[in-house]
Amino acid sequence: MKKRIAFFLAVLLMVLPACKNEAAHQFKWEIGEMSSLIIDDTLEMSVLEKTKTTVQFQVSNPTENIYYYDKAYTLEVMQDGEWYSMDAGPGMAYTLEELSLPAGGKKTDTHTWPCELFSGRFRLIKQFYLGETKNEVCNIAAEFAIE
């Protein structure tokens, strides 16, 4: 009985990664509508490192205000001189945790998606809210290229 369970677990461990990779391999990025987002330059965001599946970025707050945000992001691609929205990939979900960026502060974060980006020019967009009332929305972006 123990040998059967061990065999079953061994087969399961070999099959699960293959299923995940197969699903990611079959996924094709979908390009949506032309972007209508207005990008604000109050906060600064820059890409520190990038691969086809990961972007590490830093956000700086040069103001005297506290900004709030969460883990969600928007990814856009440049086509024919215009930005277009993109599907963020299969199985993408975000936590609802509230994070803050203090006055004069910097934060580094990483976003990873399960599928490789194709070659092109992209921008990662984060939404920030001014103060605890969150009445003012601030969209900031960092551009990067994938070869």
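About the thresholds
- Residues numbered from 1 in each chain as written.
- Predicted model: local features only at pLDDT ≥ 70, side-chain atom pairs only at ≥ 80, totals over all residues.
- Heavy atoms only, no water.
- Pairing = 2+ DSSP bridges.
- Helix = DSSP H or I, 4+ residues; strand = E, 2+ residues; numbered from the N terminus.
- Axes fitted to C-alpha atoms, helices over the stretch in contact; angles between N-to-C directions.
- Core = buried A, V, L, I, M, F, W, Y, C linked by side-chain atoms within 4.5 Å.
- Buried < 20%, exposed > 50% of the residue type's maximum accessible area, 1.4 Å probe, protein only.
- Contact = heavy atoms within 4.5 Å.
- Salt bridge = Lys/Arg side-chain N within 4 Å of Asp/Glu carboxyl O.
- pLDDT = per-residue confidence, 0-100.

Trainee: When you look at the sheet that holds strand β2 (residues 44-50) in this model, what are you seeing that I'm missing?
Mentor: Strand pairs in the sheet, formed through backbone hydrogen bonds, run parallel or antiparallel to each other. Spatially, three strands are ordered β2-β3-β8 in an open sheet, and the strand pairing comes out antiparallel. Both edges of this open sheet fall to β2 and β8 (106-112), since each of them pairs with a single strand only. When the angles between neighbouring strand axes are averaged without regard to direction, this sheet yields 25°.

Trainee: Would you explain the pairing of strand β6 (residues 82-86) in this entry?
Mentor: Two faces, one strand: in a regular strand the side chains alternate between the faces of the sheet. Note: strand β1 (residues 31-34) against β6, two bridges, orientation antiparallel. Bridged to Ile-31 within β6 is Met-86. The pairing of strand β5 (residues 74-79) with β6 spans four bridges and is antiparallel. Counterpart to Val-77 in the pairing with β6 is Tyr-84. In sequence, β5 turns back onto β6 through a hairpin of two residues, with Asp-80 there showing a positive phi of about 55°.

Trainee: Would you take a moment to explain the nonpolar core for this structure?
Mentor: Among soluble globular proteins, nonpolar side chains are generally buried collectively. Counting 27 residues, the largest nonpolar core has Leu-75, Trp-113, Leu-117, Phe-122, Phe-128 and Phe-144 as its most contacted members. Listing elements by their share of this core, those giving two or more residues are β3 (54-60), β4 (67-69), β5, β6, β7 (99-101), β9 (120-130) and β10 (136-146). Sort the elements by how many residues they give to this core and β10 lands first, with five residues. Once residues within four sequence positions are removed from consideration, Leu-117 is found in contact with Trp-29, Lys-52, Leu-75, Met-86, Phe-122, Phe-144 and Ile-146.

Trainee: Quick question: what am I supposed to make of the pairing of β2 here?
Mentor: Direction of pairing for β2 relative to β3: antiparallel, over a ladder of six bridges. Residue Val-47 lies in a different strand from β3, and its bridge partner there is Phe-57. Two successive antiparallel strands, β2 and β3, enclose a turn made up of three residues.

Trainee: Even after reading the chapter, I still don't get the pattern of salt bridges, so can you show me in this structure?
Mentor: Two side chains with opposite charge may pair up if their charged atoms get near one another. Applying the stated criterion across every chain yields a total of three salt bridges. As a salt-bridge pair, Lys-71 and Asp-109 come within 3.2 Å of each other at their nearest N and O atoms. Separated by 38 residues along the polypeptide, Lys-71 in the loop between β4 and β5 and Asp-109 in strand β8 bring together distant segments of the chain. Residue Asp-109 is classed as buried on the basis of its relative accessible area of 17%. Residues Arg-123 and Glu-76 are paired through a salt bridge, measuring 2.7 Å at the closest nitrogen-oxygen approach. On the criterion of sequence distance, the pair formed by Arg-123 in strand β9 and Glu-76 in strand β5 is long-range, its members being 47 residues apart. Of the two residues, Arg-123 and Glu-76, neither departs from the other in class, the shared state being buried.

Trainee: Explain the environment of Trp-83 here, please?
Mentor: Examined against the element boundaries, Trp-83 turns out to sit in strand β6. Beyond its immediate stretch of four places on either side in the chain, Trp-83 contacts Glu-33, Met-34, Ser-35, Glu-76, Val-77, Met-78, Arg-121, Phe-122, Arg-123 and Glu-143.

Trainee: What should I look at first to understand the confidence of the model for the protein chain in this one?
Mentor: In low-pLDDT segments, the atomic positions of the prediction should not be examined closely. For the protein chain, the average pLDDT comes to 81, and 76% of its residues sit at 70 or higher. Across residues 1-24, where pLDDT falls below 50, the model places three contacts with residues more than four positions away in sequence or in other chains.

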